[in-house]
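Architecture at a glance
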Amino acid sequence: MSALEHFPRITPFLWFDANAEEAVNFYLSVFKNSRRLGEERRAVEGGGSQGGILTIAFELEGQAITALNGGPYFKFNEAVSFVVRCDSQEEVDEYWSKLSAGGSESQCGWLKDKFGLSWQIVPAKLPDLIRNPKAMLAMLEMKKLDIAALERAAQS
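Residues numbered from 1 in each chain as written. Predicted model: local features only at pLDDT ≥ 70, side-chain atom pairs only at ≥ 80, totals over all residues. Heavy atoms only, no water.

**Here we look at the sheet that holds strand 8 (residues 118–123)**
The pairing of strands in a sheet comes from backbone hydrogen bonds and takes either a parallel or an antiparallel form. Operational definition: For two strands to be treated as a pair, DSSP must find no fewer than two bridges joining them. Only DSSP runs of H or I covering at least 4 residues are called helices, and only runs of E covering at least 2 are called strands; the numbering of each starts at the N terminus.
The strand order 5-8-7-6 describes an open sheet built from four strands, whose pairing is mixed. Here the strands that pair on one side only, and so sit at the sheet edges, are strand 5 (81–86) and strand 6 (104–105). The pairing of strand 5 with strand 8 spans six bridges and is classified as parallel. Among the inter-strand pairings, F82 is bridged to a residue of strand 8, identified as W119.

What follows is the structure in structure tokens.
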């Protein structure tokens, strides 16, 4: 029986150079509800050492993901990102701080982590708030989103 038979029909597959295990360990440390599901090791030499990790399956907040040590051929870009829904400013602050460490901040709640993967750290109420044009304009001026400032803008 294939290990893939137990995975969801659609699973994100992330391409790393040779640091998939470092990345997975980092993500597991950021998200409380996470776990490592398994790994596949290289059977023969080629693109990495024999017996080295080829893929690691893991889960973040119920989302199954696979990380691949695929080599230096491809890099992440903003065309794909993960959205982290936050229920409070404390959650926004915590995820922003952890995921942006060693990475870079962008606009409107977007950041890149130290591996180059893009994340959107978003308050759950953001869609309702930015229906108001003033709140939308306020969001466009922010890097990390500030729920109280967005609420004030929406009420003005």
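Here the narrative resumes.
**Observations concerning the nonpolar core**
Defined as follows: Among buried residues, the Ala, Val, Leu, Ile, Met, Phe, Trp, Tyr and Cys ones that are joined through side-chain atoms within 4.5 Å form a nonpolar core. Burial classification: accessible surface area is computed with a 1.4 Å probe over protein chains only, and a residue below 20% of its type maximum counts as buried, one above 50% as exposed, and the rest as partly exposed. Two residues form a contact once any of their heavy atoms are found within 4.5 Å.
In this structure, F16, Y27, F31, Y95, L99, W119 and I121 are the most contacted members of the largest nonpolar core, which totals 28 residues. For this core, the secondary-structure elements that each account for two or more residues are strand 1 (13–16), helix 1 (20–30), strand 3 (53–60), strand 4 (63–69), strand 5, helix 2 (89–100) and strand 8. It is helix 1 that contributes the most residues to this core, six residues altogether. Dropping the residues within four chain positions of it, Y95 is found in contact with V30, F31, E61, V84, C86, S100 and I121. Membership of the second largest hydrophobic core comes to twelve residues, among which are C108, L126, A135 and A153.

**Some remarks on the side chain of N69**
Defined as follows: Residues adjacent in sequence count toward polar contacts only when both atoms are side-chain atoms; beyond that, a polar contact is any pair of N or O atoms within 3.5 Å, and within protein one must be able to donate a hydrogen and the other to accept it.
Looking at where N69 falls in the secondary structure, it is placed in strand 4. One polar contact links the side chain of N69 to the main-chain amide nitrogen of N19, over a distance of 3.1 Å. There is a polar contact of 2.8 Å between the side chain of N69 and the backbone nitrogen of A20. If sequence neighbours within four positions are ignored, N69 has contacts with F16, D17, A18, N19, A20, R42, I53 and L54.

**Focus: the packing of aromatic side chains**
Counted only if it meets this: Aromatic rings from Phe, Tyr and Trp, taking only the six-membered ring of Trp, are treated as a pair when their centres fall within 6.5 Å; an angle between ring planes under 30 degrees marks them as stacked, one over 60 as edge-to-face, and anything in between as tilted.
Tallied over the entire structure, the rule returns eleven aromatic pairs. An angle of 55 degrees between the planes, with centres 5.6 Å apart, marks the rings of Y27 and W119 as tilted. Taken together, the residues Y27 in helix 1 and W119 in strand 8 connect sequence positions 92 residues apart. Since its relative accessible area comes to 1%, Y27 is described here as buried. A relative accessible area of 3% means that W119 is categorised as buried. Ring geometry for F31 versus Y95: centroids 5.1 Å apart, planes at 25 degrees, classification stacked. With F31 in the loop between helix 1 and strand 2 (34–41) and Y95 in helix 2, this pair connects stretches of sequence that are 64 residues apart. There is no split in this pair, since F31 and Y95 are both buried. Joined through ring pairs, the aromatic side chains of F16, F26, Y27, F31, F58, F76, F82, Y95, F115 and W119 make up one cluster.

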